[in-house]
Amino acid sequence: MTERTTMASLLRQAPYRRLWVARTVSQWGDAFNTVALALLVYALTGSGLGVSGVVIAEIIPVLVLAPIAGAVIDRLPRVPVMIGADLVRAGLAFALPFVDGHVAAVYAVAIGLSAAAVFFNPAAQSVLPAIVRERDLVAANSGLWTAAVISQVVLAPLAGIVVVSFGYTWAFWINAVSYLLSAMALRRLTVPAAPAVTTHTSWYADATAGIAAMARRRLLRTLAAGQFLAALSAGATGALLVVLAQEHLALRPSDYGLLLGAIGVGAALGPLLLSRLTDDPRRPVYVLGPFVLRAVVDAVLATVTGLVAAMSALLAYGIGTSTGAVTFNSLLQAETPEKLRGRVFAGFDMLWQSGRLLSLLAGGLLGALGAFIVFTRRLERSVYTKNEGQVGAAGWALDNMRGSWRVTQAVARTTHADAVHRVIGKPGVILVAEGNEGRIKGLLAQEKKKTARVVGQTPIYEFTVGNEEGQVPLRKLQRSLNKLPSNINGKKIDELEGRLAALSNRSGGAQMPRGPLPPGAKMRSVQRTVRRKTGSN
């Protein structure tokens, strides 16, 4: 059995080591640039929408330039293309502090940096399979991915400290230096010469050949669909993670950072684990398995209620995301013909960014929906907390239930404003009592006895609102009723409503004031009103 390639053995190979150094060092600078650029645009615009504009400015050049960039990469020597892209990015990053007072100029620089990356990234992807064996692709991509994730996790907080301590200029110049160091490392990288091109076609024909190959080859077509769907899911996951933390898990803001940290740790560990398991980039289980793992994690997240369980699930999510990226890239590099690699990889970048743009729009809508849900729930919780213990609070909660519930408030009551409310719905008849536990116990029993004479075999449910054992808290009252099983149909509901209304009319009397007792109102005046209208002394 052949010994599996390790990261250490790959780094001893000069071509891979130089490519690894070039990409890792430039990603160090990217970490500083990403943080500083976002903070600068937010300072200039005072708007999260302005920061989103930076992301869009990075996506648009990929959509516009990817086809022609792929053709350039496949026509020209790839390493000089990468060096040229690095030098362009170094110049733009160095110039950025001189225009950092003008948001339009900042956006223009962001577009330029992204435009240069459109040439660099597919060229780097194309070079890797030319300098390592096919069986080393998984380990090689694992090394590049792990370095990128660790750089982002470690250096992003440091970038924030640099911006706060020394200003934006140093962060942007660190980025510029990183591109220069990358170019220096690439200058010594030698790649086996590609077969000479015997026929020359137009740039347009070259640009469209990559897209045609992706559409014509079944495997590439399948991978392209997977790439697009993965990009779409990324925005939705990010948007819904906030709702998961705030609403489902009820976490503090600091705990939300722990969820993100769990994903980061998983993303760093995934490639290291993968390189120990396989060196075959064509094994379907390692390409499809991460997608299944992420689906399982989504299902688990819908059921977990604790921070530790959620972090464990998101750790697995990070592992699935990173291992999926490594196996995906390795399979793509192994299957794509050398002469088409630049165009195919550029096409896949275009697909990813298209999905990312759509996911930003969908994720924004989901995020807005999530924020609305969180705000509504918090407001609802605040109202329940304020009204809990107030006279008439249970009747108010019942009146505000959604659905076809028939609510009659205070069908039975005492002069102390204790009350039993009646609700008719698909479960049957529900009697809801609020007030002093000692007084409402007999009141509820009497009302149930009278109701049973009228409704026959229809189920009757009893609830007492309060915070003692066996009682239902006000905030959970609506949910408790909604969980009851359906026992009768709409026709039966109408029939019961008419018969019970006749019972209430025979009982006579006036109902209590609807809704919670307003703050400052005197309980004695409410009791006097009830006694006067019921004829009591």
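Predicted model, so just to flag it, every value in this text is computed and none were measured.

A. Spotlight on the overall build of the protein chain. In terms of helices and strands, the protein chain carries 18 helices and 4 strands. The buried share of the protein chain, taken over its 537 residues, is 45%. Within the protein chain, contacts between residues separated by at least 24 positions form 77% of all contacts whose residues are at least 6 apart in sequence. Summed over all atoms, the accessible surface of the protein chain reaches about 26700 Å², with 62% contributed by carbon and sulfur.

B. Examining the nonpolar core more closely. Ranked by internal contacts, the top residues of the largest apolar core, which has 28 residues, are Tyr16, Leu19, Met82, Leu128, Val132 and Leu186. Looking at this core, the elements with two or more residues in it are helix 2 (14-45), helix 3 (48-75), helix 4 (78-95), helix 5 (103-131), helix 6 (137-166) and helix 7 (168-187). Among the elements that make up this core, the one with the highest residue count is helix 5 (7 residues). Sequence-distant contacts of Val132, that is, excluding residues within four places in its chain, are made with Leu10, Tyr16, Leu137 and Ala140. Judged by nonpolar contacts, the second largest core, of 22 residues, contains Leu155, Val162, Val163 and Tyr179.

C. Examining the confidence of the model for the protein chain more closely. Predicted confidence across the protein chain gives a mean pLDDT of 81, with 81% of residues reaching 70 or more. Taking the mean pLDDT of every element in the protein chain, the minimum, 47, falls on helix 18 (residues 523-534) and the maximum, 95, on helix 4. Of the regions scoring below 50 in pLDDT, residues 517-537 engages in 20 contacts with residues more than four places distant in sequence or in other chains.

D. Main features of the sheet that holds strand 2 (residues 419-425). Here 4 strands make up an open sheet; going across it, the order is 1-2-3-4 and the pairing mixed. A strand with exactly one partner marks an edge of an open sheet, and here the two such strands are strand 1 (406-413) and strand 4 (460-464). Pairwise comparison of adjacent strand axes, ignoring direction, gives a mean angle of 25° for this sheet. Two strands pair when backbone bridges link them, and strand 2 and strand 3 (residues 428-434) are joined in this way by 7 bridges, in the antiparallel orientation. Among the inter-strand pairings, Gly425 is bridged to a residue of strand 3, identified as Gly428. In the packing of helix 15 (residues 437-455) onto the sheet, contacts are made with strand 1, strand 2, strand 3 and strand 4, and the angle to strand 3 comes to roughly 165°.

The rules behind each value
Residues numbered from 1 in each chain as written. Predicted model: local features only at pLDDT ≥ 70, side-chain atom pairs only at ≥ 80, totals over all residues. Heavy atoms only, no water. Helix = DSSP H or I, 4+ residues; strand = E, 2+ residues; numbered from the N terminus. Buried < 20%, exposed > 50% of the residue type's maximum accessible area, 1.4 Å probe, protein only. Contact = heavy atoms within 4.5 Å. Areas by Shrake-Rupley, 256 points an atom, 1.4 Å probe, with all protein chains shown as cover. Core = buried A, V, L, I, M, F, W, Y, C linked by side-chain atoms within 4.5 Å. pLDDT = per-residue confidence, 0-100. Pairing = 2+ DSSP bridges. Axes fitted to C-alpha atoms, helices over the stretch in contact; angles between N-to-C directions.

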